[in-house]
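Secondary and tertiary structure notes
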Amino acid sequence: MSRKVWLYGLLCLLCVPFVFPTWWMVTSSMKPISEIFSESLLPSEWTFSTYETVFRMQPFGQQYWNSLYIAVVVTIGTMAVAALAGYAFARIRFPGQNVLFVVVLTGLLIPSEVTIVPLFQMFQSLGLTNTHWPLIIVPIFGAPCVLAIFIMRQFFIALPPELEEAARMDGLGRAGIFYRIALPLSRPALGAVAIFTFLHSWNLYLEPIVYLSTPDMFTLPQALTQFVDIYGGPMWNVQLAAATMTAVPILIVFVLAQRQFIEGLAHTGVKG
Amino acid sequence: MTFWTYRRRDNLVGYLFVAPALLGSLAFVLIPLGMVGWYSLNEWNVLGGTFEFIGIENYQQLLGDEKLRDSLVATAWFAAGLVVLNLSLALLLAVLLNQKLRGTTLFRTLFFSPVLVSLVAWTLVWQLMLQPEGSVNGLLGFFGIDGPNWLRGDTTAMVSVIVVQVIKNVGLNMVLFLAALQGVPAPLYEAAKIDGAGAWTRFRRITIPLISPTILLTSIITIVGSLQVFAQIAVLTQGGPGTSTTVLIYYLYQQAFQFHHFGYGATISVLLFVIVAALTLLQWQMRRKWVLHES
């Protein structure tokens, strides 16, 4: 009994640094600026004007949309590229397969930050800086996709071959087997890939600040740092109002779907 | 359809399936990597519009660059602090959540939640909390401790950046550890108990060896990830005070995109690549030596 009390106490204590910042973000965003450094856990008077200020200072709706649609497109694209390549590397025998797999895997050794200078140069010569193209096609086809390919390959390797044999006897071609049999079975792995990819894109910071230059093109992480007064000092409560709007919807989705979420990730981690 | 037509078609489908990934790797990974190598042999100032072959001069500059040395030191501290703190905290949390207790799902959710808070949002709220009159010092003051100006002292700034990053992402490793712990067969513990092994011995002799593949996996992910930490530094400390938190990637950003030295920036990229590649390969080697049961 006393051991239980002790354990609960420890867990509650450890929770504080994990929960408090989110709490502080939400409540501070509704505090008047004069109270921003007060120690009280709740605002003495609730103000929502900070939320209006967010939209007045930046094209925040547009920026929200930018981040959202980029993350969705990148997620879908990555799932497609990774599922196709992962399946082929795991299940199809074709000449040169191993060499090609190693070529793709080198992407794991090369963080995308390493190649940012030539990529910037490349997109600049194509006239694509200050567009969303670099933020979409590099993650889908470049280094960030490699981990997804690896996860998908590990999953397809573990799939029992009998399923495919049966389908082949029924006259299904390779593409049919992939699309009708393998892909539906790979849902847990695809789910994990989707989560990783979405969060990666949603959090991207270096790339947007390198490629994008006008506020209406900004993504959220970049926009969040723009709420400063004329002296360059941070407008804390406005910043946190914007931060709250970026963080809370994702947290709600997570709480609703947390079982699939965490177990999907854990599953992949052990296998991968 | 004969076997051989099937085979030939299979080859074609195989190539078609890997084509997007392969072309992408060429265009966005390998060719740019080659270009980084080439740029690093040139003096290239974007503002001045100069591009001139200078051989290994950038690399010589690299050797004598004191800011680079500072930045390597900062990177090493950051990576070491992050990995040690992250892995031990993740393991502690996983062990606690693996006890047969009611409500562990709730705690798991809470520990995991920062992973989903947008990175810059997370960093901004910590920036507020770490101000001299912020809530971290408020809490310390409650215990009668006069807290420092966290983001303005050399050591405290580094500690802050590490802690902010660990709490943000430790949930991921925790979940991986938890899955690994649940995969350790219970009879092993029973047998050890009968043999008189205490809790600590059981943990050290059974748990640790059996989850060593996960420890390796998480340490690779965490170390390589620590070399890519940019947003936190850019928002919290801008590499300061002085150069105390200027990790390699931030220095790369400064040289290439703030000082417009693309050639020298590329040279730092080459160094970053060498470090990441060496660390990854080293860890794959270690995997053979000390990781138990590889499937």
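In this text the structure is predicted, and so the values were computed from the model without any measurement.

Across its full length, chain B holds 13 helices and two strands. What you see for chain B is a C-alpha radius of gyration of 24 Å, clearly larger than the 19 Å of a compact globule of 295 residues, by over 25%. If you line up chain B on its principal axes, its C-alpha atoms span 80 × 75 × 35 Å. Looking at the 295 residues of chain B, the share that counts as buried comes to 41%.

Attention now moves to the overall build of chain A. Broken down by element type, chain A carries 14 helices and zero strands. Secondary structure elements in chain A, listed N-terminal to C-terminal, are α-α-α-α-α-α-α-α-α-α-α-α-α-α. Seen along its three principal axes, the alpha-carbon backbone of chain A occupies a region of about 75 × 65 × 30 Å. Intrachain contacts of chain A at a sequence separation of at least 6 include 73% that bridge at least 24 residues.

Let's shift gears to the UniProt feature "domain: ABC transmembrane type-1" (unreviewed entry) in chain A. In the numbering adopted here, UniProt assigns the feature "domain: ABC transmembrane type-1" (unreviewed entry) to residues 64–257 of chain A. Annotated as residues 64–257 of chain A, this span is 75% helix and 0% strand, and its ends, taken at the C-alpha atoms, are 22 Å apart.

Here we come to the interface of chain A and chain B. Each partner contributes to the interface: chain A provides 73 residues, whereas chain B provides 78 residues. At 14 residues, helix H1 (residues 2–28) of chain A tops the list of elements feeding residues into the side of chain A that touches chain B. Of the residues belonging to the side of chain A that touches chain B, the class tally is 56 nonpolar, 13 polar and four charged.

All names here are of chain B. At a minimum axis distance of 9 Å, the contact between helix H3 (residues 66–97) and helix H10 (residues 212–226) shows a crossing angle of 145°. For the pair H3 and H10, the sense of crossing is right-handed. For the pair H3 and H10, the contacting residues are Phe78, Ala79, Leu82, Val83, Asn86, Leu87 and Ala90 in the first and Ile215, Thr218, Ser219, Thr222, Ile223 and Ser226 in the second. Of the residues belonging to the contact of H3 with H10, the class tally is eight nonpolar, five polar and no charged.

This paragraph deals with the UniProt feature "domain: ABC transmembrane type-1" (unreviewed entry) in chain B. This chain's UniProt record puts "domain: ABC transmembrane type-1" (unreviewed entry) on residues 72–283 of chain B. For residues 72–283 of chain B, the helix share is 75%, the strand share is 0%, and the end-to-end C-alpha distance is 20 Å.

Moving on, we come to the UniProt feature "transmembrane region" (unreviewed entry) in chain A. Under the UniProt annotation, "transmembrane region" (unreviewed entry) lies at residues 7–26, 67–87, 99–120, 132–156, 177–199 and 236–257 of chain A. Across residues 132–156 of chain A one finds 92% helix and 0% strand; the C-alpha atoms that close the span lie 32 Å apart.

All names here are of chain B. With four bridges joining them, strand S1 (residues 42–45) and strand S2 (residues 50–53) adopt antiparallel strand pairing. In the strand pairing of S2, Asn45 is matched with Thr50. Turn length for the S1-S2 hairpin, with the two strands adjacent in sequence and antiparallel, is four residues, and the turn residue Gly49 shows positive phi of about 70°.

Residues and elements named next belong to chain A. Where helix H7 (residues 143–157) meets helix H10 (residues 187–203), the closest approach of the two axes is 10 Å, and the angle between their N-to-C directions is 170°. Our classification of the angle between H7 and H10 gives roughly antiparallel. Contact with H7, carried on its side by Pro144, Ala148, Ile151, Met152 and Phe155, involves Ala189, Ala192, Val193, Thr197 and His200 of H10 and no other residues of that element. In terms of residue class, the contact of H7 with H10 is built from eight nonpolar, two polar and no charged.

Below, the discussion takes up the UniProt feature "transmembrane region" (unreviewed entry) in chain B. All names here are of chain B. Sites flagged by UniProt as "transmembrane region" (unreviewed entry) map to residues 12–39, 76–97, 109–129, 210–231 and 262–282. Span residues 12–39 is 100% helix and 0% strand, its end C-alpha atoms 37 Å apart. Helix and strand shares over residues 210–231 are 77% and 0% respectively, and the end C-alpha atoms of the span are 35 Å apart.

What follows concerns the confidence of the model for chain B. For chain B, the mean per-residue pLDDT works out to 87, and 96% of the residues sit at or above 70. Reported for the predicted complex are a pTM of 0.87 and an ipTM of 0.86.

This part covers the confidence of the model for chain A. Overall, the predicted model of chain A reaches an average pLDDT of 88, with 96% of residues at or above 70. Here helix H14 (residues 258–271) of chain A is the element of chain A with the lowest mean pLDDT, 64, and helix H3 (residues 60–91) of chain A is the one with the highest, 95.

Counting residues in each nonpolar core, the largest one holds 152 residues, and the members touching the most others are Ala85(A) and Met152(A). The leading source of residues in this core is helix H7 (residues 154–182) of chain B, at 15 residues. Setting aside chain neighbours within four positions, we find Met152(A) in contact with Ala82(A), Ala83(A), Gly86(A), Tyr87(A), Ser186(A), Ala189(A) and Val193(A).

Residue and element names in this part refer to chain A. Tracing the backbone shows Gln226 in the loop between helix H12 (220–224) and helix H13 (236–256). We classify Gln226 as partly exposed; it has 15 C-beta atoms within 10 Å. Considered as a pair, Gln226 and Pro32 are 194 residues apart in the sequence and their alpha carbons are 19 Å apart.

Residue and element names in this part refer to chain B. Along the chain, Pro132 turns up in the loop between helix H5 (119–129) and helix H6 (135–142). Using a count of 13 C-beta atoms within 10 Å as the deciding quantity, one classes Pro132 as partly exposed. Taking C-alpha positions, Pro132 is 33 Å from Leu106, a pair spaced 26 residues apart along the chain. Not counting the four nearest positions on each side in its chain, Pro132 is found in contact with Asn137 and Asn149.

Moving on, we come to unusual backbone geometry. A positive phi angle, near 55°, is found at Asn130(A), a position not held by glycine. Summarising the element assignment, Asn130(A) is placed in the loop between helix H5 (116–125) and helix H6 (133–141). What makes Asn130(A) partly exposed here is the crowd of 15 C-beta atoms within 10 Å. The backbone phi angle of His260(B) is positive, close to 60°, even though this residue is not glycine. Take His260(B): there are 14 C-beta atoms within 10 Å of it, and that puts it in the partly exposed class.

Cut-offs applied
- Residues numbered from 1 in each chain as written.
- Chains lettered and ligands numbered in written order.
- Predicted model: local features only at pLDDT ≥ 70, side-chain atom pairs only at ≥ 80, totals over all residues.
- Helix = DSSP H or I, 4+ residues; strand = E, 2+ residues; numbered from the N terminus.
- Rg over C-alpha atoms; globule rule 2.2 N^0.38 Å.
- Buried ≥ 20, exposed ≤ 12 C-beta atoms within 10 Å, placed from the backbone.
- Contact = placed C-beta atoms within 7 Å.
- UniProt positions renumbered as here; feature names shortened; annotations may be inferred.
- Nonpolar A, V, L, I, M, F, W, Y, C, P; charged D, E, K, R; others polar.
- Axes fitted to C-alpha atoms, helices over the stretch in contact; angles between N-to-C directions.
- Left-handed = near helix turned anticlockwise from the far one by under 90°.
- Pairing = 2+ DSSP bridges.
- Parallel < 35°, antiparallel > 145°, perpendicular 65-115°, else oblique.
- pLDDT = per-residue confidence, 0-100.
- Core = buried A, V, L, I, M, F, W, Y, C linked by C-beta atoms within 7 Å.

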